[in-house]
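Each chain is listed here by its residues.
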Amino acid sequence: MKTRKEKTFELLDEVIAACEASDIRYVISGELALRRVEGTEVPDNFNNAAVAVFARDIDKLCAALSKREDRHVESLANNSRFPGFYVRYTDPSTTLFNYTEPAFTYDVNAFGVNIEIICSIPKINFRRRILSQLKVVFVTENAPYYMDSRHKSKSINRALCMLFFKLFKDTSVMAYIYRKWIRVGSIKRKKYEIATIRGYIAEFKESDFKEENRASFVSKYFGKDKRIKPTYHEVYDLEVPCRKFSQAIDEHDLPLKEYQKHQQKFLKWQQEVYFPMRKIRRKHYNYMFCAEDRMLMYKEFDAEKKQLVMDLYDKGNYEELREILAGYIDNINKYHKDTIGFCSDHEIFRVALSTMLWEISGKTGKPSAFKRRSRKIINIIKNTQYAHMDSVENVFWGDREDSAVLKQRKAQILKDIEQEITCIISTKTSKI
């Protein structure tokens, strides 16, 4: 059976093939572009693929994709309730719902690929200003559930735009506005914008769409907000058509919209009340568990095993170190989730962090991706209490080292790790 990622990539390949066959320029967009720049793998549950094409080519691409009878092409052009200024290409023989979205607004709720539209930014006159304001409001109001409302503003103009959409959202006027946006966006200019599937409008220069400027494209597309669409509350099936799913719901007279309303209310309570309280409770429990695990690691890494670790470290044998320190590193990662530092021996702690950097380096190709992921190691050190830099024997016998010595020990580990990160980045940069 295919994974969600495999099905999504199958549809993405079909879109790309249609673009190339029709000589249409396209850009890999959204989460895939981000993962390519950062050098991170795409998970098996991935289903959020996006490409971007210029407004002047969107009709040609839609016509090409519509030739397949087993696929569906959807946008405001044929669905007045469509939740954004983009096109969605789907396989109706599959099912994909997400109950956390504000409303079920796709005609076909199935696996698909989103096609964003690159529009030029023309000189503004009165009509174009209105069209532009309508687009901004429409896009931000239809932002997906996982994005907050930071791009929304309160103004009379926005209120008027909202009233407009309330009156005409289920009419042919939406298709008319869509065509207007396409027509104005097809005019050749030096600056461009994309009404992203994330619910905001990002601006670009034409050079940003070149392959060699992928990093610049991603930077402008995401800005400082790199949240990825979660898949926690999705209902999906790769073998059941969404039509049959909808029919089953109708046959059982299930109040889907009412269920969705209650589900969203529950999720809001869960996010705002339950999760914060659970996090506090878990952290306090984990302080006790951390103390226990420190003792267990102290016993496991006796003098003989510690010497083995230090010898392997001196030789730079990280493969064996990763195997020997697996449990220790698991504890570091486990408690880091609650911003608790785990250290039972400052020397083994130092070796474990270096081993973790080695592992991160092997999984990241580009220096920028390594630098981003290595921040975790820095945070682990900062979250570790300097008192844990003391030996467990001193804790048992109460003969603690001076706090100034322990603080200096922690500071030295931080300094050494920062130097190691700089060295790895320099090595990766020289290989490019």
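All residue numbers refer to position in the chain's written sequence, counted from 1. Under the rules for a predicted model, residues below a pLDDT of 70 receive no local features and side-chain atom pairs below 80 are neither given nor counted, while totals for whole chains, interfaces and linings still include all residues. Excluding hydrogens and water, the side-chain figures rest on all heavy atoms present in the structure.

A.B. asks: What is the right way to look at the pattern of salt bridges in this model?
C.D. replies: One side-chain nitrogen of Lys or Arg within 4 Å of one carboxyl oxygen of Asp or Glu is enough to make a salt bridge. Under the defined criterion, the tally for this structure stands at 33 salt bridges. Here Arg 227 ties to Asp 225 by a salt bridge, and the two come within 2.7 Å at their closest N and O atoms. Of the residues examined, Asp 225 reaches a relative accessible area of 10% and is grouped as buried. Each residue's exposure class comes from its accessible area (1.4 Å probe, protein chains only) as a fraction of the maximum for that residue type: buried when under 20%, exposed when over 50%, partly exposed otherwise.

A.B. asks: Can you walk me through the pairing of strand E7 (residues 191–195) in this structure?
C.D. replies: Going along the chain from the N terminus, every DSSP run of H or I of four or more residues is numbered as a helix, and every run of E of two or more is numbered as a strand. Burial analysis of E7 places four of its five residues in the buried class, the great majority of the element. Direction of pairing for strand E6 (residues 112–120) relative to E7: antiparallel, over a ladder of three bridges. Within E7, the residue paired with Ile 118 across the bridge is Ile 194. As judged from the five bridges shared by E7 and strand E8 (residues 201–205), these two strands associate in the antiparallel manner. Bridging across to E8, Lys 191 finds its partner in Lys 205. What sits between E7 and E8 in their antiparallel hairpin is a turn of five residues, with Gly 199 showing a positive phi close to 100°. In this description, strands pair whenever DSSP reports at least two bridges between them.

A.B. asks: Even after reading the chapter, I still don't get the packing of helix H12 (residues 326–336) against helix H14 (residues 367–383), so can you show me in this structure?
C.D. replies: When two helices pack together, their arrangement is given by the angle between the helix axes and by the axis-to-axis distance. Fitted lines through C-alpha atoms give the axes, limited to the stretch in contact for helices. The angle between two N-to-C directions lies from 0 to 180 degrees. Where H12 contacts H14, the axes come no closer than 11 Å and their chain directions differ by 80°. The orientation of H12 relative to H14 falls into the category roughly perpendicular. Each of Ile 332, Asn 333 and His 336 in H12 lies in contact with H14, whose residues at this interface are Lys 376, Asn 379, Ile 380 and Asn 383. A breakdown of the residues in the contact of H12 with H14 according to their chemical character gives two nonpolar, four polar and one charged. Roughly parallel refers to an angle under 35 degrees, roughly antiparallel to one over 145, roughly perpendicular to one between 65 and 115, and oblique to any angle outside these ranges. The contact criterion used throughout is that any non-hydrogen atoms of two residues lie within 4.5 Å. Note on residue categories: nonpolar means Ala, Val, Leu, Ile, Met, Phe, Trp, Tyr, Cys or Pro, charged means Asp, Glu, Lys or Arg, and polar means any other residue, Gly included.

A.B. asks: Would you explain the packing of aromatic side chains in this entry?
C.D. replies: The geometry of an aromatic ring pair is captured by two quantities: the separation of the ring centres and the angle between the planes. Stacked, tilted and edge-to-face pairs are distinguished by plane angle, under 30 degrees for stacked and over 60 for edge-to-face with tilted covering the rest, among Phe, Tyr and Trp rings (Trp via its six-membered ring) whose centres lie within 6.5 Å. As enumerated under the stated definition, the model contains 30 aromatic pairs in all. Summarising the aromatic geometry, the rings of Phe 97 and Tyr 99 are spaced 6.4 Å apart at their centres and angled 10° between planes, so their arrangement reads as stacked. Here Phe 97 and Tyr 99 have matching classes, each one buried. Here the basic side chain of Lys 407 rests over the ring of Tyr 386, its NZ or CZ set 5.1 Å away from the ring centre. Geometrically, a charge over a ring is one whose NZ (Lys) or CZ (Arg) sits within 6 Å of the ring centre while staying within 35 degrees of the ring normal.

A.B. asks: Just checking my understanding: could you explain the nonpolar core for this structure?
C.D. replies: Where a protein is soluble and globular, its nonpolar side chains tend to be buried together. Counting residues in each nonpolar core, the largest one holds 68 residues, and the members touching the most others are Ile 58, Phe 85, Ile 115, Ile 117, Trp 181, Phe 209 and Phe 217. Ile 58 has contacts with Val 53, Val 87, Ile 115, Ile 117, Tyr 178 and Ile 182, leaving out every residue within four places of it along the chain. As used here, the term nonpolar core means buried Ala, Val, Leu, Ile, Met, Phe, Trp, Tyr and Cys residues forming a set that is joined through side-chain atoms within 4.5 Å. Counting 37 residues, the second largest nonpolar core, distinct from the first, contains Cys 290, Phe 301, Phe 342 and Val 351.

A.B. asks: Is there a simple way to think about the packing of H14 against helix H16 (residues 403–431) in this case?
C.D. replies: The interhelical angle for the contact between H14 and H16, taken along N-to-C directions, is 175°, at an axis separation of 10 Å. As judged from the angle between their axes, H14 and H16 are roughly antiparallel. For the pair formed by H14 and H16, the contact residues are Pro 367, Phe 370, Lys 371, Ser 374, Ile 377, Ile 378, Ile 381 and Lys 382 on the first element and Lys 410, Ile 413, Leu 414, Ile 417, Glu 418, Ile 421, Ile 424, Ile 425, Lys 428 and Thr 429 on the second. Among the residues making up the contact of H14 with H16, the classes are represented as 11 nonpolar, two polar and five charged.

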